[in-house]
Amino acid sequence: QVQLAESGGGLVQAGGSLRLSCAASGSIFRLNALGWYRQAPEKQRELVAAITGGGSTNYADSVKGRFTISRDNAKNTVYLQMNSLKPEDTADYYCNVESKPCWYCDYKVYWGQGTQVTVSS
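Position labels on residues start from 1 in each chain and follow its written sequence. Totals for whole chains, interfaces and linings use every residue, but because this is a predicted model, local features are given only for residues with pLDDT of at least 70 and side-chain atom pairs only at 80 or more, for both listing and counting. Calculation of side-chain values draws on the structure's entire complement of heavy atoms; hydrogens and water are dropped beforehand.

Caption draft 1: Inspection of the pairing of strand S5 (residues 46-51) at higher detail. Relative to S5, strand S4 (residues 30-39) runs antiparallel, the two being bridged by five bridges. Counted as the bridge partner of Arg 38 is Glu 46 from S5. Here S4 hands over to S5 after six residues, with Glu 42 in that stretch at a positive phi of 65 degrees. Sheet topology note: the S5/strand S6 (residues 57-59) ladder contains three bridges and is antiparallel. Two strands qualify as a pair provided DSSP detects at least 2 bridges between them. In this text, helices come from DSSP runs of H or I with a minimum length of four residues, and strands from runs of E with a minimum of two, each type numbered from the N-terminal end.

Below you can see the structure in the form of structure tokens.
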């Protein structure tokens, strides 16, 4: 099993910045793709940003140029640096991790518990 500890959410004014962290712990041999999703009230969960095991990244069009996803493999941690925040970025943010406990095992997907981001206008 893998446990994910998210942190960094909070209340910020429009134009401000926040940095989200998601640290994975437990039975981890290797992490593969890591991502951040968000869900606003009465909306579907959507992909915000993702980073592959090789370091390639992709972003939702709405956050390109403002958000940056990164990973620290030594710490089993994924980050989301969010700059120039807008009120429409307000949502619960969830990290998503692909992990396997041994070299011959299959990857499984795990979700964080969510951290709230509120951007005031």
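Now that the structure has been shown, the text picks up again.
Caption draft 2: A look at the packing of aromatic side chains. Working definition: rings of Phe, Tyr and Trp (its six-membered ring) pair if their centres are within 6.5 Å, and the pair is stacked with planes under 30 degrees apart, edge-to-face with planes over 60 apart, and tilted otherwise. Enumeration over the complete set of coordinates arrives at two aromatic pairs. For the ring pair Tyr 37 and Trp 111, a centre distance of 4.9 Å and an interplane angle of 65 degrees mean the geometry is edge-to-face. Note that Tyr 37 is positioned in strand S4 and Trp 111 in strand S10 (residues 108-111), a separation of 74 residues in sequence. An angle of 90 degrees between the planes, with centres 5.6 Å apart, marks the rings of Trp 103 and Tyr 104 as edge-to-face. We classify Tyr 104 as exposed; its relative accessible area is 59%. Above the ring of Trp 111, the side-chain terminus of Arg 45 is found at 4.7 Å from the ring centroid. Between buried and exposed lies partly exposed: a residue is buried under 20% and exposed over 50% of the maximum accessible area for its type, with that area taken using a 1.4 Å probe on protein chains only. Placement of a positive charge over a ring is assigned whenever Lys NZ or Arg CZ falls within 6 Å of the ring centre and within 35 degrees of the normal to the ring plane.

Caption draft 3: How the structure looks around the environment of Asn 32. Tracing the backbone through its elements, the reader meets Asn 32 in strand S4. Sequence-distant contacts of Asn 32, defined by excluding residues within four places in its chain, comprise Ile 51, Thr 52, Gly 53, Arg 71, Glu 98 and Tyr 107. The contact definition used throughout considers only heavy atoms, calling two residues in contact when any of these lie within 4.5 Å.

Caption draft 4: Representation of the pairing of strand S11 (residues 115-120) within the structure. Here S11 shows a buried face lined by Thr 115, Val 117 and Val 119 and an unburied face lined by Gln 116, Thr 118 and Ser 120. Across three bridges, the pairing between strand S9 (residues 91-100) and S11 is antiparallel. Paired with Tyr 93 across the two strands is Thr 115, which belongs to S11.

Caption draft 5: Broad picture of the sheet that holds strand S8 (residues 77-82). If you trace the four strands from one edge of the open sheet to the other, you get S1-S3-S8-S7, paired in antiparallel fashion. Unpaired on one side and paired on the other, strand S1 (2-7) and strand S7 (67-72) mark the two borders of the sheet. The mean angle between the axes of side-by-side strands here comes to 15 degrees, regardless of whether they run parallel or antiparallel. Looking at chain direction, S1 and strand S3 (residues 18-26) are connected through six bridges and run antiparallel. Opposite Leu 4, over in S3, you have Ala 24 as the bridge partner. Here an angle of 0 to 180 degrees is reported between the N-to-C directions of two axes, which are lines fitted to C-alpha atoms, with helices fitted over the stretch in contact.

Caption draft 6: Highlighting the nonpolar core. What is meant by a nonpolar core is a set of buried Ala, Val, Leu, Ile, Met, Phe, Trp, Tyr and Cys residues, joined one to another through side-chain atoms within 4.5 Å. In terms of nonpolar packing, the biggest core is built from 28 residues, with Leu 4, Trp 36, Val 48, Phe 67, Leu 80, Met 82 and Tyr 93 touching the most fellow members. For this core, the secondary-structure elements that each account for two or more residues are S1, S3, S4, S5, S7, S8, S9 and S11. Those residues within four positions of Leu 80 in sequence are excluded, and the remaining contacts are Leu 18, Arg 19, Leu 20, Trp 36, Val 48, Ala 49, Phe 67, Thr 68, Ile 69 and Tyr 93.

Caption draft 7: The side chain of Ser 21, seen in detail. Here Ser 21 is to be found in strand S3. Ser 21 has contacts with Ala 5, Glu 6, Ser 7, Trp 36, Val 78 and Tyr 79, leaving out every residue within four places of it along the chain.

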